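Tertiary structure, described
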Amino acid sequence: MMESAIVVESLRKEFGAFTAVDGVSFDVNRGEVLGFLGPNGAGKSTTMKMITGFLASSGGQIRVDGLDVGKYPTQVKQRIGYLPEGAPAYGEMTVTGFLGFIADIRGFRGTEKQDRIHSSIRKANLGSVIHKPIDTLSKGFKRRVGLAQAILHDPPILIMDEPTDGLDPNQKHEVRELISEMARDKAILISTHILEEVNAICDRAVIIAQGRLVFNGTPQALEAMSRQHNAVTITFAGGLPDIAEQRLSALDNVAGVNREQALNRLIVMPGGGVSIVGQVTRLVRDEGWEIEEVYVATGQLDEVFRRITSHGGSVDEGDLS
Amino acid sequence: MSATAAIFRRELGNYFTTPVAYVFIVIFLALNGVFTFYVGGWYEREQADLQTFFDYQPLLYLFLIPALSMRLWAEERKSGSIELLMTLPISTWQAVAGKFLAAWTFTGIALMLTFPIWLTVNYLGNPDNPVILVGYIGSYLMAGAYLAVGSCVSAFTRNQVIAFVIAVVICFVFMLSGTPMVLDLFQAWLPQPLINTISGMSITTHFNSMLKGVIDLRDLVFFFSFIGCWLLANIIAVEMKKSD
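Residues numbered from 1 in each chain as written. Chains lettered and ligands numbered in written order. Predicted model: local features only at pLDDT ≥ 70, side-chain atom pairs only at ≥ 80, totals over all residues.

It is worth spelling out the overall build of chain A at this point. Helix and strand counts for chain A come out as 11 helices and 14 strands. Put simply, chain A has 321 residues, and 43% of those count as buried. Nonlocal contacts in chain A, meaning residues at least 24 apart in sequence, comprise 69% of its contacts between residues at least 6 apart. (Helix = DSSP H or I, 4+ residues; strand = E, 2+ residues; numbered from the N terminus. Buried ≥ 20, exposed ≤ 12 C-beta atoms within 10 Å, placed from the backbone. Contact = placed C-beta atoms within 7 Å.)

Structure below.
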């Protein structure tokens, strides 16, 4: 069986006495978008810098397409398209000048060079600014120039450090569309601290905190870890029946019932994350309560994120995918 | 086109897309004129040579070359573009060589633009043109030596002002290492062979030796190994400091 596009094994990085990355292992498969999450300073960028060969690791192994990054840095860099944090570029150059430079370095010549430049300008939607110096562009355009640079050689592996950071909602949407389009045949690793992004584009998420891996699984598995997962919110028409709270609490698999600020709303919390909506609606029907709305929560990513990244303890879910 | 050539082209083009090239060339030519004709008293000497032109070049380069080299790496580190550059499929030496050669070629262009001075001396007299040519070659090699120092220093800091000042100081030491001012410092406590070595490291001594109009292998070896050593240090500095 072919090895995953990116394999990271027990990766470590120390800066003096400070351990930035502490034994992180994960892999990224072809055709997969892996979301790399964690609080600021958790070691996301450091890990990405080691995968792209910018930083040397202090221990562990990184293989890209089966090649050790330390031993074959140039071959690895040829296979990777990298958007560093903040999308740095040569600001005084025009967009075409800059992409031309990248094409030269990547060894494209003549018509192929022109084709590559035009194709990445089209994909990154840069047509309107090609002759402008990069310094004069808006943040959104600068980010897209960084993207264009990263995809110019149609790399099998794309690594993007916070590709949507600081963009407005429309720009975020465009960048996500672009990533999803490319996802079919590439291995894509994106770091973010925007949780909605994980649901929007990622097939799998890896969370690190304080340099350690604390989660590796699907976004759905991440949501399932929420205490809110499968909680049922009932909004009653008119007033709240007196016995409702008591009767709902008595159901099997219900861990508790919370009263919302709104007087006619109850949140029924499940025990062990199992689905309770069937029981709850049956009870409502049997009792003949008039209700306006029933809503099943999928789980609060923010809450899970805070819980598993704040105390530094590993959530031992293994690979839930 | 190889990666070195791509970097070379980008860097050289960069001088001309920003005002750097024009400011540098205008000031370089103006100061060369001032030193040659006024400070050096070229007309008063009534000799058909470019002695006064070359005499002031070590001093002129001392301030102008670090101004050119200070941004080579410091700017990359400050803007973060070094992360982009060093994650492209190139080796560090290719980047160092491309940048250095671009800066050196640019100083070559500036130096060639002093040709009106050469035309003047040929119009007014009959100079020994081969001597002048060797002088130009010596001047160009000296510029390369200063640039190699400046490029290396620039990799150690993200602050261009610091890169400039430190490069000036180091160039100043190598400019004067053949003079009593520097040698007296070491005379008391270093053995004579080491003193001779320090004296032999003087850029000015080797430059002056070329001004006599003879290309001595020792001078060439000095300049090329000087440039080579500093560029090697430059590569190491980039490797060490790129991610700081």
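Back to the write-up after that little detour.
On to the overall build of chain B. Helices and strands together make up the secondary structure of chain B, namely 15 helices and 0 strands. Since a compact globule built from 244 residues should have a radius of gyration of about 18 Å, the 19 Å found for chain B is in line with a globular shape. With the principal axes as the frame, chain B shows a C-alpha extent of 55 × 50 × 30 Å. Of all 244 residues assigned to chain B, the portion counted as buried reaches 41%. (Rg over C-alpha atoms; globule rule 2.2 N^0.38 Å.)

Contact residues are listed per partner, giving 19 residues for chain B and 21 residues for chain A. For the side of chain B that touches chain A, the secondary structure elements donating two or more residues are helix H1 (3–17) and helix H7 (81–86) of chain B. Looking at the side of chain B that touches chain A, its residues break down into 8 nonpolar, 9 polar and 2 charged. (Nonpolar A, V, L, I, M, F, W, Y, C, P; charged D, E, K, R; others polar.)

Right, let's talk about the nonpolar core for a bit. The biggest cluster of nonpolar side chains holds 136 residues, and the ones touching the most others in it are Phe 98 and Val 206 of chain A together with Ala 145 and Ala 148 of chain B. A total of 10 residues in this core trace back to one element, the largest contributor, which is helix H10 (residues 129–154) of chain B. Aside from chain neighbours lying at most four places away, what touches Ala 148 of chain B is Phe 100, Phe 226, Ile 227, Trp 230 and Leu 231 of chain B. In terms of nonpolar packing, the next biggest core, distinct from the first, is built from 12 residues, Val 232, Ala 244, Val 268 and Val 284 of chain A among them. (Core = buried A, V, L, I, M, F, W, Y, C linked by C-beta atoms within 7 Å.)

All names here are of chain A. Despite not being glycine, Asp 154 shows a phi value in the positive range, around 50 degrees. Looking at where Asp 154 falls in the secondary structure, it is placed in the loop between helix H5 (139–151) and strand E7 (157–161). Residue class for Asp 154 comes out partly exposed when judged on the 14 C-beta atoms lying within 10 Å of it.

On to the sheet that holds E7 of chain A, then. Residue and element names in this part refer to chain A. Strands sit in the order E6-E7-E8-E3-E9-E10 across an open sheet of 6 strands; the sheet is mixed. In the strand order of this sheet, the two ends are held by strand E6 (80–83) and strand E10 (212–217), each with one partner. In this sheet, neighbouring strand axes are inclined to one another by 15 degrees on average, regardless of whether the strands run parallel or antiparallel. As paired elements, E7 and strand E8 (residues 187–192) share 5 bridges and run parallel to each other. Looking across to E8, one finds that Ile 157 is bridged to Ala 187. Contacts between helix H1 (residues 44–51) and the sheet are confined to strand E3 (32–37), E7, E8 and strand E9 (204–209), with E7 contributing the most and set at about 150 degrees to the helix. (Pairing = 2+ DSSP bridges. Axes fitted to C-alpha atoms, helices over the stretch in contact; angles between N-to-C directions.)

Residues and elements named next belong to chain A. The 4 strands are arranged E12-E13-E11-E14 in an open sheet whose pairing can be described as antiparallel. Of all strands in the sheet, those bounded by a partner on one side alone are strand E12 (254–259) and strand E14 (291–296). Each strand of the sheet is rotated relative to its neighbour by a mean of 15 degrees, with strand direction disregarded. Of the pairings in the sheet, the one linking strand E11 (residues 232–236) to strand E13 (residues 265–270) comprises 4 bridges and is antiparallel in character. In the sheet register, Thr 233 faces E13, and the bridge partner there is Ile 267. Packed on one face of the sheet, helix H10 (residues 277–287) meets E11, E13 and E14 and runs near 20 degrees to E11.

This part is about helix H8 (residues 92–112) of chain B. For H8 of chain B, with 21 residues, the first-to-last C-alpha span of 30 Å sits near the 30 Å given by 1.5 Å per residue. Burial in H8 of chain B covers these residues: Gln 94, Ala 95, Val 96, Gly 98, Lys 99, Phe 100, Ala 102, Ala 103, Trp 104, Phe 106, Thr 107 and Ala 110 of chain B. (Expected span 1.5 Å × (residues − 1).)

Time to look at helix H11 (residues 160–176) of chain B. All names here are of chain B. The end-to-end C-alpha distance of H11 is 24 Å, a good match for the 24 Å that 17 residues give at a rise of 1.5 Å each. Along H11, the positions that sit buried rather than exposed are Ala 163, Phe 164, Ile 166, Ala 167, Val 168, Cys 171, Phe 174 and Met 175. Here the buried face of H11 lies against helix H5 (57–69), helix H6 (71–79), H10 and helix H14 (203–211).

Turning next to the pairing of E6 of chain A. Residue and element names in this part refer to chain A. A two-sided burial pattern is seen for E6, the buried positions comprising Ile 80 and Tyr 82 on one face and Gly 81 and Leu 83 on the other. Inspection of the sheet shows E6 paired to E7 by 4 bridges, in the parallel sense. Bridged to Ile 80 within E7 is Ile 157.

So, on to the packing of H10 of chain B against helix H15 (residues 217–241) of chain B. Residues and elements named next belong to chain B. It is the contact of H10 with H15, at a shortest axis distance of 8 Å, that shows an interaxial angle of 15 degrees. Classified by the angle between their axes, H10 and H15 sit roughly parallel to one another. As for how H10 packs across H15, the hand of that crossing is left-handed. Of the residues in H15, those in contact with Leu 141, Gly 144, Ala 145, Ala 148, Val 149, Ser 151 and Cys 152 of H10 are Phe 223, Phe 226, Ile 227, Trp 230, Leu 231, Ala 233, Asn 234 and Ala 237. Split by residue class, the contact of H10 with H15 holds 12 nonpolar, 3 polar and no charged. (Parallel < 35°, antiparallel > 145°, perpendicular 65-115°, else oblique. Left-handed = near helix turned anticlockwise from the far one by under 90°.)

This part covers the environment of Asp 115 of chain A. With respect to the secondary-structure elements, Asp 115 of chain A resides in helix H4 (residues 110–123). For Asp 115 of chain A, a count of 12 C-beta atoms within 10 Å gives the class exposed.

The subject of this paragraph is the environment of Leu 185 of chain B. All names here are of chain B. Looking at the element boundaries, Leu 185 is found in helix H12 (residues 180–187). A tally of 12 C-beta atoms within 10 Å means that Leu 185 is categorised as exposed. With 37 residues separating them along the chain, Leu 185 and Phe 222 place their C-alpha atoms 23 Å apart.

Note that every value here comes from positions in space, so none of it alone points to a role or purpose.
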